[in-house]
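Below are the chains, spelled out letter by letter.
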Amino acid sequence: MRTRYSEDQQAVAEAFGELFAREASTDAVRAAEAGCGFDAGLWRTLAAAGAPGMAVAADYGGGGGSLVDLAVMVYEWGRRIAPVPLVEHAVCARLLAAVGGDWHRDAVAAVAVGELIATLAPGPLDSGGVARLVPAGAVADVVAARRADDVVVTRSRPPATARPNTADLPLADRDLSDAQTVASGAAAEDAWERALSEWKALTAVAYAGLAAEVLAMGVDYTKQRRQFGVPVGSFQAVQHGLADAATRTEGARLLAFRAVCALEAELTGKPTPPIRARPWPERPVSAANKSGKYTAATHPGLSDSRSRSEAGRSDGGRLASMALLFGAESARFAADRALQYHGGYGYSAEYDVQLYYRRAAGWLLQLGEPSAEIARLAQNDLGPKATEAA
Amino acid sequence: MDFAMSARAEEFRSEVQQFLAEHVDAETIAAGRDGTIHSAALHRAIAERGWLSGAVPAELGGGGMDPVELCVLVEELQLHQAPADALGVAVVAVSMILEHGGEHLRTAVAPRLMAGEALACLGYSEPESGSDVAAARTRAERRGDRWIINGAKMWTTLAHVADYVVLLTRTDPDAPKHRGLTFFVAPLDADGIEIRPVETMGNERSNATFYDNVVLGDEWRLGEVNDGWAVMKTALKYERGIAGGQFPSPPVIEAAIDWARGACRADGASLIDDDEVRHKLVRAAIDVEVCRSFAYHTAALASEGAMFGVEGSMTKLFASESYKKHCAWFLDMMGAKGLLTHDDPGAHMDGRIEEHFRHAPVTAIYGGTSEINRNLVAEGWLGLPRSR
Ligand SMILES: Cc1cc2nc3c(=O)[nH]c(=O)nc-3n(C[C@H](O)[C@H](O)[C@H](O)COP(=O)(O)OP(=O)(O)OC[C@H]3O[C@@H](n4cnc5c(N)ncnc54)[C@H](O)[C@@H]3O)c2cc1C
């Protein structure tokens, strides 16, 4: 088991860490907020560095990197809350490369090199065929969505204005009424679920980066700021809040990368050996097992997982959902502690903590309601409710 | 980066599962309810299998089991609720002896502990010192080639069934507190040692131990005189691999699911279909996966030979605090029936959740309290100034 970056991954982390630190300063983040939450110059720089297609197959002009390599870069992106839709784009590019072979091959290639920006609409289309509040909808040239049993794609001019929102994300409504079908039936189902799982896992990784950075801001500030003649960071109440945030942040990072690794392993046909997917049995045990004895036979492995149509159906999908929820919660906690320990300045527009605080809420919610994600996980782990089964 | 168990580690897991299916049954678990979370038969069987000596680092003369496999062993023991508190203590004691002990301890004591023939217990804490373990006052004075021990230890768990106590003493009361400490491994049948039970809110029984002019030859000394703090640091290092505690919640979640499948709300709906119950079960499952991620990560670091420190504190902090939360959630879910103990024939699954509810608080206290772990994270991970 290896839980640390390889040398190559370390190099990716360093290169993109430097790039984002240089090109995506908080000044750049603020400048993007004045527009639609997008920094076109940064996007061009990233495209030149091969970032948008890093984990797209070489056949399509991508870099052929793995999901894990991509995640290493996404962590650095998350640390800088960089105003470019890197995750949406990368996930959509991989989806199109997987299913969209016949859909304008040249368009997919243009997506892979970042000439076109792509995104997914995670929610359903409304009756008029419009997707509401599409992440990166303000700037994406290509939008993929789910329509009935199909995966559909449209290429159209982005509005370049966002609907004003808490996190200053480039959210916009997009008309997909003339979108073309690129996959149907089971193939569409699998590809779409796979894309959403990648999106969740990568967002979880980004959250770990966000949390680590906002925590570092809290730590730095409390080392400098003095009250009662001492740094406020020497007060134990403050230290313990930051220590809890650090613990959750590290836990979120590990779970997120574990989810990414599990998804990658499923793709390469080397699924992680069935680390007991759920450490408890699914069926009632008390009848057969009055003593409460815990028997190995009652542990379901991966082979037991349910029909592929259920969310979180695979270990990777399950871990991705969990990592997203835990990552979002941990990042919000870290941002909350960092803001709190900045005192009034943390609440001021001038300090950077608030930029992180708002994005910590936004990244999760643009994907949908957390309670729905929990309900999907419950269905996966516990089976459907009587009402759901009916 | 792959976060993947090797095929060998998975094979090892099946081996452990098979072993535990044979050696841990309801009776073994129930036997732990007398307060002593130890089964002599299980302990010996584990030792015979080579897993006790295996957990001792190879460079010290142990089996040098891969830390990831050791982690799997600890995980399975906990999932099976095996009463194996003595295992970790034995591994720590043997490792300390092999690293710091003289001829006598290495030849007369360590092999017996490794074979599972003898048991050790840890005498660090005292009535007046716990978190501040270096403030120990139990006195050891040199008289010629012997040592005279006087004092009291608190929370000497397993002392009533053990053969040896790893004893932290003060040999120089005038030196700064970290510089006047010396370790001994004392045979518990020595004259002048008294053991009194300390009952707890949970099922575990601990002990207060008293040392009244106990005479020990120098061969029982562990490490250099006044260098006890250095020995203590290595003890904490060895404890990390085997201490367990990273996987406390699954048996509770298992029981909670079982209860929820069988119980109904006032309106007749099955509890397993209740949204709040489902959400809590999912939240708990997420916490379990976080704990496993932490545990596998620290094990993987150890197997690469990398030292880890603060990660161990984070793991314990997160695991014990989330475990307490889960126990409270699922106790509440059961209402009045949740209160029934295993002595009541109507208790659900032998009163498992109730029992864990009473056990959970101690996991945030022993082996370093949550507050101490937060201090360690604040200082060691975040670089904040020492707060004490
Ligand atoms: C069931 C049980 C079994 C045990 N088994 C053993 C054993 O086998 N061998 C052994 O040696 N010991 C054992 N212990 C003792 C255990 O290690 C101590 O209880 C633990 O280290 C805490 O010490 P204390 O109880 O003296 O609490 P104290 O140290 O007095 O702490 C009281 C409170 O103050 C807090 N506190 C203390 N210092 C700080 C600080 N610097 N910053 C912030 N908060 C602080 C603590 O977190 C705690 O909340 C056992 C304890 C129990 C309950």
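Basis of the calculations
- Counting restarts for each chain: residues are numbered from 1 in the order of the written sequence.
- Chain labels run from A onward and ligand labels from 1 onward, assigned in the order the entries are written.
- Thresholds applied to this predicted model are a pLDDT of at least 70 for local features of residues and 80 or more for the giving and counting of side-chain atom pairs; totals over whole chains, interfaces and linings are not thresholded and use all residues.
- By convention in this description, side-chain values take in all heavy atoms of the structure and omit both hydrogens and water.
- Two strands make a pair as long as DSSP finds a minimum of two bridges between them.
- Going along the chain from the N terminus, every DSSP run of H or I of four or more residues is numbered as a helix, and every run of E of two or more is numbered as a strand.
- Simply put, an axis is a line fit to the C-alpha atoms, just over the touching stretch for a helix, and the angle between two N-to-C directions goes from 0 to 180 degrees.
- As used throughout, domain bounds are those supplied by an automatic or database domain assignment.
- What counts as buried area is the accessible surface, traced by a 1.4 Å probe, that two parts surrender upon association, with contributions from both included.
- Counted as salt bridges are all cases of a side-chain nitrogen of Lys or Arg within 4 Å of a carboxyl oxygen of Asp or Glu.
- Within 3.5 Å is the distance limit for a polar contact, defined as a pair of N or O atoms, with the added protein rule that one can donate a hydrogen and the other accept it, and that residues adjacent in sequence qualify only through two side-chain atoms.
- By the convention used here, residues are in contact when the closest approach between their heavy atoms is within 4.5 Å.
- Polar here means any residue outside two lists: the nonpolar Ala, Val, Leu, Ile, Met, Phe, Trp, Tyr, Cys and Pro, and the charged Asp, Glu, Lys and Arg; Gly therefore counts as polar.
- Only heavy atoms are used to decide nearness, and a residue is near a molecule or strand if one of them lies within 4 Å of it.
- All accessible areas in this document rest on Shrake-Rupley with a 1.4 Å probe, and a residue is counted as covered only by the protein chains that are shown.
- For every residue, the predictor reports its confidence as pLDDT, a number between 0 and 100.
- Accessible area is worked out with a 1.4 Å probe on protein chains only. A residue is then buried under 20% of its type maximum, exposed over 50%, and partly exposed in between.
- What we call a nonpolar core is a set of buried Ala, Val, Leu, Ile, Met, Phe, Trp, Tyr and Cys residues that are connected through their side-chain atoms within 4.5 Å.
- In this description, a disulfide is simply a cysteine sulfur pair whose atoms lie within 2.5 Å.
- Any angle that is under 35 degrees is reported as roughly parallel, and any over 145 degrees as roughly antiparallel; angles of 65 to 115 degrees are reported as roughly perpendicular and all others as oblique.
- Crossing handedness is defined as follows: a turn of the near helix away from the far one that is anticlockwise and smaller than a right angle gives a left-handed crossing, while the clockwise case is right-handed.

On to the sheet that holds strand β6 (residues 180–184) of chain A. Hydrogen bonds between backbone atoms are what pair the strands of a sheet, whose relative direction is either parallel or antiparallel. All names here are of chain A. A sheet is described by the order of its strands in space; here 4 strands give the open sequence β1-β3-β4-β6, paired in mixed fashion. Edge positions in the open sheet fall to β1 (118–120) and β6, since each of these has one partner strand only. Neighbour-to-neighbour, the strand axes of this sheet turn through a mean angle of 25°, independent of strand direction. In the sheet, strand β4 (residues 150–155) pairs with β6 via 4 bridges, with the strands oriented antiparallel. For Val 152, the partnering residue across the bridge sits in β6 and is Thr 181.

What follows covers the domain arrangement of chain A. Residues and elements named next belong to chain A. Domains assigned within chain A are domain 1 (7–185) and domain 2 (192–276 + 293–382). Among the residues domain 1 hides against domain 2, the three largest losses belong to Leu 67, Tyr 75 and Ile 81. Together they make up 20% of the total. Between the two partners, domain 1 and domain 2, sit 7 salt bridges. Here Arg 80 makes a salt bridge to Glu 213, at a shortest N to O gap of 3.6 Å. Along the contact surface separating domain 1 from domain 2 lie 14 residue pairs in polar contact (both at pLDDT 80 or more).

All names here are of chain B. Split by domain assignment, chain B resolves into domain 1 (7–114), domain 2 (120–231) and domain 3 (245–380). Taking only C-alpha atoms into account, the centre of domain 2 sits 33 Å from that of domain 3. Of the residues lining the interface, 5 residues belong to domain 2; the matching set on domain 3 comes to 9 residues. Here domain 2 and domain 3 share an interface that buries about 510 Å² over both sides, 44% of which is from carbon and sulfur atoms. Contact with domain 3 buries surface across domain 2, with Met 201, Asn 203 and Glu 204 losing the most and accounting together for 74% of the total. Taken together, the connections running from domain 2 to domain 3 amount to 0 salt bridges. For the pair domain 2 and domain 3, the interface holds 4 residue pairs in polar contact (both at pLDDT 80 or more). Each residue belonging to the side of domain 2 that touches domain 3 can be placed in one class, and the counts come to 1 nonpolar, 3 polar and 1 charged.

Looking now at the site of the ligand. The full set close to the ligand counts 17 residues, and B:Ser131, B:Trp155, B:Thr157, B:Thr369 and B:Glu371 are the nearest of them. The residues that come close to the ligand belong to more than one chain, namely chains A and B. One nitrogen or oxygen atom from the main chain of B:Gly130 is found 3.5 Å from an oxygen atom belonging to the ligand. Between the ligand and B:Thr369, the relevant distance is 2.7 Å, taken from an oxygen atom to a side-chain nitrogen or oxygen of the residue. For the ligand, whose unbound accessible area comes to 960 Å², protein coverage reaches 68%. Here the shell around the ligand takes 3 residues from helix α13 (residues 370–380) of chain B, the largest share from any one element. By residue class, the composition of the shell around the ligand is 7 nonpolar, 8 polar and 2 charged. Shared between two domains, the shell around the ligand takes at least three residues from each, and those domains are domain 2 (120–231) and domain 3 (245–380) of chain B.

Moving on, we come to the confidence of the model for chain B. Averaged over every residue, the pLDDT of chain B is 95; the share at 70 or more is 99%. For this predicted complex, the interface confidence comes out at an ipTM of 0.96, alongside a pTM of 0.94.

Among all positions in helix α6 (residues 105–112) of chain A, only A:Ala107, A:Val108, A:Ala110, A:Val111 and A:Ala112 are buried. Note on α6(A): the residue one or two positions beyond its end, A:Gly114, has a positive phi of about 80°.

This part is about the nonpolar core. A:Phe20 and A:Trp77 are the most contacted members of the largest nonpolar core, which has 170 residues in total. When residues of this core are assigned to their parent elements, the largest contribution, 19 residues, is made by helix α7 (residues 185–224) of chain A. Among all residues touching A:Phe20, those that are not within four sequence positions of it are A:Ser25, A:Leu46, A:Met73, A:Glu76, A:Trp77, A:Arg80, A:Ala82 and A:Leu86. One finds B:Leu52, B:Val72, B:Ile97 and B:Tyr211 within the second-largest nonpolar core, a separate group that totals 85 residues.

Quick look at unusual backbone geometry now. Backbone geometry places A:Ala160, a non-glycine residue, at a positive phi of 65°. Along the chain, the position of A:Ala160 falls in the loop between β4 and β5 (172–175). Since its relative accessible area comes to 48%, A:Ala160 is described here as partly exposed. With a phi angle near 55°, B:Gln81 is a residue other than glycine that sits in the positive phi range. Structurally, B:Gln81 is set in the loop between α5 (67–79) and α6 (85–100).

Another point: the environment of B:Lys280. All names here are of chain B. When you line up the elements, Lys 280 lands in helix α10 (residues 275–303). Lys 280 gets classed as partly exposed once you look at its relative accessible area, which sits at 22%. Linking Lys 280 and Trp 329, residues 49 residues apart in sequence, is a C-alpha distance of 7.5 Å. Those residues in contact with Lys 280 that lie beyond four places of it in its chain are Trp 329 and Phe 330.

Before going further, it helps to examine the state of the cysteines. Here the structure, examined in full by the defined rule, presents 0 disulfides over all chains. We note that A:Cys261 lacks a disulfide partner, and the nearest cysteine sulfur, in B:Cys71, lies 16 Å from it. Between B:Cys327, a cysteine without a disulfide, and B:Cys291, which holds the nearest cysteine sulfur, the sulfur-to-sulfur distance is 12 Å.

Here we take up the packing of α7(A) against helix α11 (residues 353–365) of chain A. Residues and elements named next belong to chain A. Axis separation between α7 and α11 bottoms out at 10 Å; the angle between their running directions is 160°. Accordingly, the angle class assigned to the pair α7 and α11 is roughly antiparallel. Judged by the twist between their axes, the crossing of α7 over α11 is left-handed. Contacts between α7 and α11 involve Thr 203, Ala 206, Tyr 207, Leu 210, Glu 213, Val 214 and Met 217 from the first element and Val 353, Tyr 356, Arg 359, Ala 360, Ala 361, Gly 362, Trp 363 and Leu 364 from the second.

We now examine the interface of chain B and chain A. Contact with chain B, which involves 62 residues of that partner, is made by 70 residues of chain A. Carbon and sulfur atoms supply 64% of the area that chain B and chain A bury against each other, a total of about 6,300 Å² over both sides. Among the residues chain B hides against chain A, the three largest losses belong to B:Met1, B:Phe3 and B:Arg278. Together they make up 14% of the total. The interface formed by chain B and chain A contains 7 salt bridges. We note a salt bridge from B:Glu304 to A:Arg4, for which the minimum N-O separation is 2.3 Å. Counting every contact that joins chain B to chain A gives 19 residue pairs in polar contact (both at pLDDT 80 or more). For the side of chain B that touches chain A, the secondary structure elements donating two or more residues are α1 (7–23), α5, α9 (250–262), α10, α11 (310–334) and α13 of chain B. The dominant element in the side of chain B that touches chain A, judged by the number of residues it contributes, is α10(B), at 19 residues. Broken down by class, the residue content of the side of chain B that touches chain A amounts to 33 nonpolar, 9 polar and 20 charged.

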